[in-house]
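Chain and residue survey
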Amino acid sequence: MDKQSWAEPYKIKMVELLKMTTREEREKAIEEAGFNTFLLRSEDVYIDLLTDSGVGAMSDRQWAGMMMGDESYAGSRNFYHLEQTVKDYYSYQFTVPTHQGRGAENILSQILIKDGDFVPGNMYFTTTRLHQELAGGTFVDVIIDEAHDSASTHPFKGNVDLDKLNRLVEEVGSEKIPYICIATCVNMAGGQPISISNLKEVRRWCDQHQIMLVHDMTRVAENAYFIQQREEGYQNKSVKEIVYEICSLTDAATMSSKKDAMVNIGGFLAMNDAELYERACELVVVYEGLHTYGGMAGRDMEALAIGIKESVDDAHMAARIGQVAYLGRELEKHGVPIVKPYGGHAIFLDAQAILKHVPQENFPAQALAAALYVESGVRSMERGVVSAGRNKDTGENYYPKLELVRLTIPRRVYTQAHMDVVVESVAQVMEDAESIKGLEFIYEPKMLRFFQGRFKQIS
Ligand SMILES: *Cc1c(COP(=O)(O)O)cnc(C)c1O
């Protein structure tokens with residue numbers, strides 16, 4: 001028998017009560033939020049699949065760790081625990097805590113990028129690319145073409161296309177490329193992994209061209225789980241071993257600990273190069289805090305250190321990815337077009353395929369996310385043309401091939417019954433698709449417009 005059950009390796013000790021709303025209340029709420037799910041009040045939301053960031057459920061051990069916070073300004077015991085954990089689990093020798101992932105991206109970009117540089121990556125991430133641009137760099141997408149094709153079932157859509165890297169070096173020269181940024185379980189591609197064999201090729205390529213390899217390691221454990229399931233030679237390795245191997249192939253890392261590591265806030269910049277560490281320590285005091293807390297409380301560093309250890313547990317990861325796959329399978333049974341293979345942290349609805357009558361300039365994914373909220377109080381997120389923003393030189397919208405709505409699953413938070421509600425709601429919205437109207441901006445922020453932009457329905 002093909003075993004598909006994925007039950008969790010934990011039980012529930014405490015619950016958070018939710019408010020139930022009526023359709024009329026939700027219609028009013030989304031109107032007031034300018035049809036942007038980021039602007040809804042969370043108490044008006046029933047099942048919150050906006051993000052997996054900072055919304056995981058901490059374990060009893062992590063909460064116990066919170067009580068062990070050493071809130072000294074300098075040299076907190078929890079910092080040394082965190083630093084040792086990063087060494088033991090992720091291989092990096094030096095750790096600089098930051099308030100979250102983008103704090104680490106800011107410091108790294110400022111140190112390494114000069115005006116006119118190019119930074120290749122396996123698909124952009126919103127804050128990562130913006131920090132590269134603010135530092136004077138230009139992001140260059142070097143992910144394989146399959147990643148931009150929602151119909152492709154390539155098992156490692158996060159892989160890098162080495163030909164694209166070669167072409168970039170021919171065009172601009174390797175001295176204009178300070179580093180390559182490789183994300184594990186590529187968020188914007190739908191939570192898709194990179195293979196170890198591809199990462200090894202990238203490592204060799206970096207060595208040949210003497211270019212640094214930086215790891216956006218926000219979802220490294222989920223990536224490791226996919227390698228264990230899909231890549232030859234890794235079936236008998238633990239997630240923990242694979243995580244260590246991935247990290248060892250890279251020189252430095254930015255981490256948002258709000259994802260894999262299941263804490264509510266925090267992040268770090270990690271590296272093996274002592275000189276880079278020194279420069280990061282100089283900058284972290286400007287933007288974050290002293291280098292032994294970097295914007296985090298001692299208790300948060302303790303919960304993070306414990307969360308890192310829990311995140312690489314095989315049973316945890318099987319349940320985590322199993323729940324996401326359950327949602328994917330059930331949606332497919334209802335004929336919902338989604339990105340395949342299923343992602344590590346989310347299922348992505350193909351909004352363009354569902355709202356065929358809404359052209360991309362009227363933001364079909366944004367409209368679909370709003371409609372899903374009105375249907376059932378499920379909050380999702382647009383990942384399409386609104387998120388992609390505008391080209392910083394021409395001012396034109398970027399029109400990404402993928403126009404998606406992301407159903408992101410928080411870690412250890414919702415039950416299988418919640419997933420069933422989500423499936424029924426999406427199916428209902430699809431049935432009523434023709435009644436959903438496109439949107440236009442009534443307020444468009446200059447940067448990261450998806451967070452605070454406001455829309456109205458076009459008549
Ligand atoms: C969340 C995220 C970041 C930024 O981290 P924050 O903690 O939100 O600042 C960077 N890269 C990826 C891939 C992410 O998912």
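Residues numbered from 1 in each chain as written. Predicted model: local features only at pLDDT ≥ 70, side-chain atom pairs only at ≥ 80, totals over all residues. Heavy atoms only, no water.

1. Section: the pattern of salt bridges
A side chain with one charge can pair with a side chain of the opposite charge if their charged atoms come near. Inclusion rule: Criterion for a salt bridge: a side-chain nitrogen of Lys or Arg within 4 Å of a carboxyl oxygen of Asp or Glu. Secondary structure counts use DSSP, requiring at least four H or I residues in a row for a helix and at least two E residues in a row for a strand, with both numbered from the N terminus. For the exposure calls, accessible area comes from a 1.4 Å probe over protein chains only, and a residue counts as buried if that area is under 20% of its type's maximum, exposed if over 50%, partly exposed in between.
Tallied over the entire structure, the rule returns 23 salt bridges. With a closest N to O distance of 3.1 Å, Arg203 and Asp251 form a salt bridge. Of this pair, Arg203 sits in helix H7 (residues 196-209) while Asp251 sits in the loop between helix H9 (239-248) and strand S7 (252-256), and the two are 48 residues apart along the sequence. Arg203 sits in the buried class, given a relative accessible area of 14%. Notably, a salt bridge pairs Arg449 with Glu444, separated by 2.8 Å at the nearest N-O pair. On the basis of relative accessible area, Arg449 is assigned to the buried category, the value being 3%. Taken together, the salt bridges that share partners define one network made up of Asp52, Arg219, Glu222, Arg320 and Arg411.

2. Some words on the site of the ligand
Operational definition: The near set for a molecule or strand comprises every residue that places at least one heavy atom within 4 Å of it. Between N or O atoms, a polar contact is any pair within 3.5 Å; within protein, one atom must be a potential hydrogen donor and the other a potential acceptor, and residues adjacent in sequence are included only when both atoms are from side chains. Surface exposure here means Shrake-Rupley accessible area, sampled with a 1.4 Å probe, where a residue is shielded only by the protein chains that are shown.
Contacts to the ligand come from 14 residues, most closely from Arg102, Asp216, Arg219, Ser256 and Lys259. Measuring from an oxygen atom of the ligand, one finds a side-chain N or O atom of Arg219 at 2.8 Å. Taking Lys259, its side chain carries an N or O atom lying 2.8 Å from an oxygen atom of the ligand. Calculation on the ligand without its partners gives an accessible area of 380 Å², and the protein chains cover 95% of this total.

3. Side note on unusual backbone geometry
With an omega dihedral of -10 degrees, the bond running from Lys340 to Pro341 counts as a cis peptide bond. Summarising the element assignment, Pro341 is placed in the loop between helix H12 (314-333) and strand S9 (346-350). Non-glycine residue Ser91 carries a positive phi angle of around 80 degrees. Structurally, Ser91 can be placed in the loop between helix H3 (77-90) and strand S2 (94-98). Relative accessible area serves as the criterion here: at 9%, Ser91 is assigned to the buried category.

4. Points about the nonpolar core
Applied cut-off: Side-chain atoms within 4.5 Å are what join buried Ala, Val, Leu, Ile, Met, Phe, Trp, Tyr and Cys residues into a set we call a nonpolar core.
Grouped together as the largest cluster of nonpolar side chains are 57 residues, with contacts concentrated most on Tyr90, Met217, Val243, Phe268 and Ile308. With six residues, helix H8 (residues 220-230) is the largest single contributor of residues to this core. Residues Val324, Leu355, Val405 and Phe455 belong to the second largest nonpolar core, which totals 52 residues.

5. Remarks on the sheet that holds S9
Formally: Two strands pair if DSSP finds at least two bridges between them. In this analysis, axes come from line fits to C-alpha atoms, helices being fitted only over the stretch in contact, and the angle between any two N-to-C directions falls in the range 0 to 180 degrees. What makes two residues a contact is simply this: any of their non-hydrogen atoms within 4.5 Å.
Strand order in the open sheet formed by three strands is S9-S12-S11, and the pairing between neighbours is antiparallel. The outermost strands of the open sheet, each flanked by one partner alone, are S9 and strand S11 (381-383). Taken over all neighbouring pairs, the strand axes of this sheet differ in orientation by 35 degrees on average, direction set aside. Note: S11 against strand S12 (residues 404-408), three bridges, orientation antiparallel. Looking across to S12, one finds that Met381 is bridged to Arg406. Sheet strands touched by H12: S9 and S12. Its angle to S9, the strand with the most contacts, is close to 25 degrees. Lying on the sheet, helix H14 (residues 364-376) is in contact with S9, S11 and S12; it crosses S12 at an angle near 45 degrees.

6. Here's the deal with the domain arrangement of the protein chain
Spelled out, the test is: These domain limits were set by an automatic method or by a database of domain assignments.
For the protein chain, the assigned domains read domain 1 (23-52 + 314-457) and domain 2 (61-311). Put simply, the middle of domain 1 and the middle of domain 2, counted by C-alpha atoms, are 26 Å apart. In this assembly, 32 residues from domain 1 lie in contact with 42 residues from domain 2. Our count for the domain 1 to domain 2 interface comes out at four salt bridges. Between Glu222 and Arg411 there is a salt bridge, and its shortest N-O distance comes to 2.9 Å. Viewed at the interface, domain 2 and domain 1 are joined by 16 residue pairs in polar contact (both at pLDDT 80 or more). Every element with two or more residues in the side of domain 1 that touches domain 2 is listed here: H12, S9, helix H15 (385-388) and helix H17 (449-452).

7. A few points about the packing of H3 against helix H11 (residues 298-311)
The test is simple: When an angle is under 35 degrees it counts as roughly parallel; over 145 it counts as roughly antiparallel; between 65 and 115 it counts as roughly perpendicular; any other value is oblique. Each helix crossing is assigned a hand: it is left-handed if the near helix lies turned anticlockwise from the far helix by less than a right angle, otherwise right-handed if that turn is clockwise. Three classes are used: nonpolar for Ala, Val, Leu, Ile, Met, Phe, Trp, Tyr, Cys and Pro, charged for Asp, Glu, Lys and Arg, and polar for all others, with Gly counted as polar.
Contact geometry of H3 with H11 gives a least axis separation of 8 Å together with a crossing angle of 20 degrees. In terms of their interaxial angle, H3 and H11 are classed as roughly parallel. Classified by chirality, the crossing of H11 by H3 is left-handed. In this structure, H3 uses Asn78, Phe79, His81, Leu82, Thr85, Val86, Tyr89 and Tyr90 to contact H11, whose residues at the interface are Gly298, Arg299, Met301, Glu302, Leu304, Ala305, Ile306, Ile308, Lys309 and Ser311. Of the residues assigned to the contact of H3 with H11, the class counts are 10 nonpolar, five polar and three charged.

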